[in-house]
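In case you want the letters, here they are:
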Amino acid sequence: PPLAPLAYGAAGIGLTGLFAVMVRMGLHRRMGGALFTTLQLLSACSLMLVTAAALPQIGVLLLLTLIIALATAALQMPLRHVLVVTGILAASSLALLLVHGDRFRLPLDDGWLRLFSGLWFAVILAKIVAINLIGAEMRKALSASNARLEAALAQVRELSERDELTGLQNRRSILAHLAEERARFSRGGLAFGVAILDIDHFKRVNDRHGHAMGDEVLRTFAKIVTDRLRSTDRMARYGGEEFLLLLTNSPDAASVQLAIERLRSAVDEHPWSDLAAGLKLTCSIGVTMSCAGEGVAEMLERADAALYRAKSEGRNTVRVG
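Residues numbered from 1 in each chain as written. Predicted model: local features only at pLDDT ≥ 70, side-chain atom pairs only at ≥ 80, totals over all residues. Heavy atoms only, no water.

### Points about a nonpolar patch on the surface
A contiguous nonpolar surface patch, about 280 Å² in accessible area, is contributed by I58, L61 and L64. Among the structural elements, L64 can be located in helix α4 (residues 59–74). (Patch = residues over 30% accessible without salt bridge, like charges linked within 9 Å, V, L, I, M, F, W, Y side chains within 5 Å. Areas by Shrake-Rupley, 256 points an atom, 1.4 Å probe, with all protein chains shown as cover. Salt bridge = Lys/Arg side-chain N within 4 Å of Asp/Glu carboxyl O. Helix = DSSP H or I, 4+ residues; strand = E, 2+ residues; numbered from the N terminus.)

### Looking at the pairing of strand β2 (residues 234–239)
Pairing of β2 with strand β3 (residues 242–247) involves five bridges; the strand directions are antiparallel. The residue of β3 that forms the bridge with M235 is L245. Counting the residues in the hairpin turn of β2 and β3 gives two residues, including G240, whose phi is positive at 60 degrees. (Pairing = 2+ DSSP bridges.)

### With respect to the pairing of strand β4 (residues 283–289)
In terms of residue burial, β4 counts as a mostly covered element, since seven of its seven residues are buried. Along β4, one buried face is formed by C283, I285, V287 and M289 and the opposite face, lined by S284, G286 and T288, is buried too. Taken together, the three bridges between β4 and strand β5 (residues 318–320) define a ladder with parallel strand orientation. Considered in β5, the bridge of I285 is made with V318. Handedness of the β4-helix α11 (residues 296–312)-β5 crossover: left-handed. (Buried < 20%, exposed > 50% of the residue type's maximum accessible area, 1.4 Å probe, protein only. Right-handed = clockwise from strand over helix to strand, strands pointing away.)

### Here we look at the packing of aromatic side chains
Under the defined criterion, the tally for this structure stands at three aromatic pairs. Between F19 and F36, the aromatic rings sit 5.6 Å apart at their centres with planes inclined by 85 degrees, giving edge-to-face as the arrangement. Residue F19 is found in helix α1 (residues 3–24), and its partner F36 is found in helix α3 (residues 33–54); the two are separated by 17 residues along the sequence. Residue classification places F19 among the buried residues on the basis of a relative accessible area of 8%. With a centroid separation of 6.0 Å and 80 degrees between ring planes, the pair formed by F185 and F192 is classed as edge-to-face. As far as the burial class goes, F185 and F192 line up, both buried. The aromatic ring of Y238 is capped on one face by R171, whose charged end is 4.1 Å from the ring centroid. (Phe/Tyr/Trp six-rings, centres within 6.5 Å; stacked < 30°, edge-to-face > 60°. Lys NZ or Arg CZ within 6 Å of the ring centre and 35° of its normal.)

Below is the structure:
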C-alpha cells in the first residue's frame, strides 16, 4: 500500500528524533553507552518486525535489514546484551515466520518448513554473537596495541626531552619551558630567575680520573642541585658541564641570589673525595632576573655574561647580570 513506506519512514524518523532528544538531554551518559545502544537496537528491530508482520510480502527485506542492524550494533555492545537481544529477536522472528511464513514469498508450504526456516534464521542471528566475540577480541587487541604505542610514544617523548646521562631535562626542553615562563610573565605573571651553572675545571676531572668518573661527577652534581630546588623549579643540562636553572615565581632578586648561593655552597662542601681520592669540585654561577620587554635570548645572554664574570673573577662564585 502507498501509505506503508510513508508510515515506516515516519516511524523511523520519530525514533531517530526521540533518541536525538535523549542525547541532547544527556540521558545516553546516565544510561551508559551499552544500554543506550541496546535500547536503540531493540527499538529499530521492533519497528522492522512489526512492519514485517503487517506487510509480510516485503518481510524478507526487513529481516535482512534487521540482520545488518544487529551485526553493526554487536560490534559496540557487551556480549550479554547481544545474547539478550539476539534471543528476543530470534524468538520474535520464529513466531513471525510460523504465523505468516506462507506470505513471505518463500518455499514454506507447511508448518514444519516454516519452523525449519525460523530456526535457520535463529542460527543466522546466533552468528551475530560470533561477530561480537570477534569484535571484542579485536577491540581488546587494538586496546593493547594502543597502550603499547602510547607507552612507546611516552618513552620517545621522554628521551627527546631528557639528558640520557643525568636524567635532567635537555637544552631543547628547558628552552621551551623558559619560553612558556617568559610568555606568562609578559601577561602579568610573577617574575622568574635564570641561572647558568658551570663546573670549574671539569676538563681536569676527565684528564686525571677518566671520562667514566667525569660522567659520575655530572650525575652527582645534578643530584646535589636538584635535591635543593623547589618542586616548581626546573633544571637542565645545558651542554657539556653547563647546567641551566629556571626559578619560577621568584619576584625577589635578593632571595634568588641567596638560593643560588646556597647551591654553590652545597657543591663546594660536598665530599667529592668519596668518588675519587683528592677530587675537589666547585662551580661558577651566573644568574639574572626577567625584565619587561626582554626576550629569552637577551635573558640568557645576561646570565651567560654573569657566568663569564664569575669565572674570570676567580670561580666558585655567583654573579648577577
